[in-house]
Amino acid sequence: RKEDKMNLGHVSVVSIIGMIISMIIAIGLPVFLMLFVRKKEKAQINFFFIGAAVFVLAALFLEQACHALVFSVAGDVLKGNVFLYALYAGIAAAVFEETGRLIAMNIFSKRQKVRLNDANAFMYGIGHGGAESILLVGITCINNLTTSIMIDNGSIETTLKALDAKTQSTALSSIKALWTTAPYEFYLAGVERIFAIAIQIALSMLMYTAIRYGKKWLIALAFEIHFIVDFVTVLAGNFLDDIVMELLIGILAAMISYVTYMIWNRCSKEKQA
């Protein structure tokens, strides 16, 4: 087992701090926004959980089932062509998430007690983006942080020694990234979540505006924007440095948020007039 011990690296304090910061952002930001909008705008907290539930159903169950089917049939083709893979990823994400958003918002726009309005639509977006943030990044950060502490204090060796040779090799390959990954990467995970949550809120407000004011073209726009974001993210991720990549996502988030606000504001004023 001495060889295993020699293969174990050391996770830097800088990396661990990055994990903690990203964990706080991924979990704390959605919770903070939920409480803030609840208090300031009197939004119904139900919509946070409705948005979260729709994300889980659409993205983590239905979309993943679709991926399993598609990759079992055309996996080699998609994985062998970056453009086709990005195209498929963008279409799948847009179709499942925006369809879920469209159905949910249509249902709750017609109810009386739990009814969609500006504040509740915003709350829905926080729930949708929040579930994505907590489940995909927050939990990963917790796992990485726990494993990193075990690596640095040496207790991970006890766990590894209990495994058979093959499983131990797989585990080592998996945790190796924790000490070989550049520290700044762990910080970028939190930054990316800020942008992703902003995009999910914007898309929720856009879909809400489409339903509330009868602007069907906005439904198509929401699908198109979601497709573009995922397509560009997957495609650019294969060619750009991670920092440049996050800068690009940040620019997209700012543009989408601004356009959505302008559309919502214009529709609101037209309705009042």
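Residue numbers restart at each chain and count upward from 1, following the sequence in its written direction. Residues qualify for local features only when their pLDDT is at least 70, as the model is predicted, and side-chain atom pairs are given and counted only at 80 or more; totals for whole chains, interfaces and linings, by contrast, use all residues. No hydrogens and no water enter the side-chain calculation; it runs on all heavy atoms of the structure.

Caption draft 1: Up close: the nonpolar core. The biggest cluster of nonpolar side chains holds 42 residues, and the ones touching the most others in it are Phe47, Met105, Met123, Tyr124, Ile126, Ile199 and Tyr208. The way it works is that DSSP assigns letters per residue, a run of H or I at least four long becomes a helix, a run of E at least two long becomes a strand, and they are numbered from the N terminus. Broken down by secondary-structure element, the contributors of at least two residues to this core are α2 (13-41), α3 (46-79), α4 (82-108), α5 (118-153), α9 (183-212), α10 (216-237) and α11 (242-272). Here this core gets 11 residues from one element, more than from any other, and that element is α9. Take the buried residues of types Ala, Val, Leu, Ile, Met, Phe, Trp, Tyr and Cys, join any two whose side-chain atoms come within 4.5 Å, and each joined set is a nonpolar core. When a residue's accessible area, from a 1.4 Å probe over protein chains only, is under 20% of the maximum for its type it is buried; when over 50% it is exposed; and in between it is partly exposed. Membership of the second largest hydrophobic core comes to 17 residues, among which are Leu8, Ile16, Ala26 and Ile151.

Caption draft 2: Local environment of unusual backbone geometry. At Lys42, a position not held by glycine, the phi torsion is positive, near 60°. You can call Lys42 exposed: its relative accessible area is 62%.

Caption draft 3: Focus on the packing of aromatic side chains. The aromatic pairing rule takes the rings of Phe, Tyr and Trp, using the six-membered ring of Trp, and pairs them if the centres are within 6.5 Å, calling planes under 30 degrees apart stacked, those over 60 edge-to-face and the rest tilted. For the structure shown, the criterion picks out eight aromatic pairs. When the centroid spacing of 5.3 Å and the interplanar angle of 80° are considered together, the rings of Phe48 and Phe49 count as edge-to-face. Exposure remark for Phe48: the relative accessible area of 7% places this residue in the buried category. Here the aromatic cluster, defined as three or more aromatic residues joined through ring pairs, consists of Phe71, Tyr85 and Tyr88.

Caption draft 4: Here's a closer look at the packing of α3 against α5. Axis angles are defined between N-to-C directions and span 0 to 180 degrees, where every axis is a line fitted to C-alpha atoms and, for a helix, only to the segment in contact. Viewed as axis vectors pointing N to C, α3 and α5 meet at an angle of 50°, and their least axial separation amounts to 7 Å. The pairing of α3 with α5 is recorded here as oblique in orientation. In this structure, α3 crosses over α5, and the sense of that crossing is right-handed. In contact with Phe47, Phe48, Ile50, Gly51, Ala52, Val54, Phe55, Val56 and Leu60 of α3, α5 contributes Asn120, Met123, Tyr124, Ile126, Gly127, His128, Ala131, Glu132, Leu135 and Leu136. When residues are sorted by character, Ala, Val, Leu, Ile, Met, Phe, Trp, Tyr, Cys and Pro go into the nonpolar class, Asp, Glu, Lys and Arg into the charged class, and all the rest, Gly among them, into the polar class. Split into classes, the residues belonging to the contact of α3 with α5 amount to 14 nonpolar, four polar and one charged. Note that the term roughly parallel is reserved for angles under 35 degrees, roughly antiparallel for angles over 145, roughly perpendicular for angles of 65 to 115, and oblique for everything else. The hand of a helix crossing depends on one turn: near helix anticlockwise from the far one by less than a right angle means left-handed, and clockwise means right-handed. For this analysis, residues touch if any pair of their heavy atoms sits within 4.5 Å.

Caption draft 5: Local environment of α5. Expected span of a helix: the number of residues minus one, times 1.5 Å. Between its terminal C-alpha atoms α5 stretches 50 Å, which fits the 52 Å expected from 36 residues at 1.5 Å a residue. The angle between axes fitted to the seven residues ending at a residue and the seven residues starting there is what we call the bend at that residue. Taking the largest bend as the criterion, α5 deviates by roughly 35°, centred on Ile134. Pairs of N or O atoms within 3.5 Å make up the polar contacts considered here, provided that, within protein, one atom can donate a hydrogen while the other can accept it, and that residues adjacent in sequence are counted only when both atoms are side-chain atoms. Among the residues of α5, the N-terminal cap falls to Asn117, whose side-chain oxygen and the backbone nitrogen of Ala119 are separated by 3.2 Å. Directly after α5, the chain includes Gly154, whose backbone phi takes a positive value near 85°.

Caption draft 6: Just the confidence of the model for the protein, in detail. The predictor reports its confidence for every residue as pLDDT, a score running from 0 up to 100. For the protein, per-residue confidence averages 92 on the pLDDT scale, and residues scoring 70 or more make up 96% of the total. Residue range residues 1-6 is modelled with pLDDT below 50. Its contacts to residues more than four positions away, or to other chains, number six contacts.

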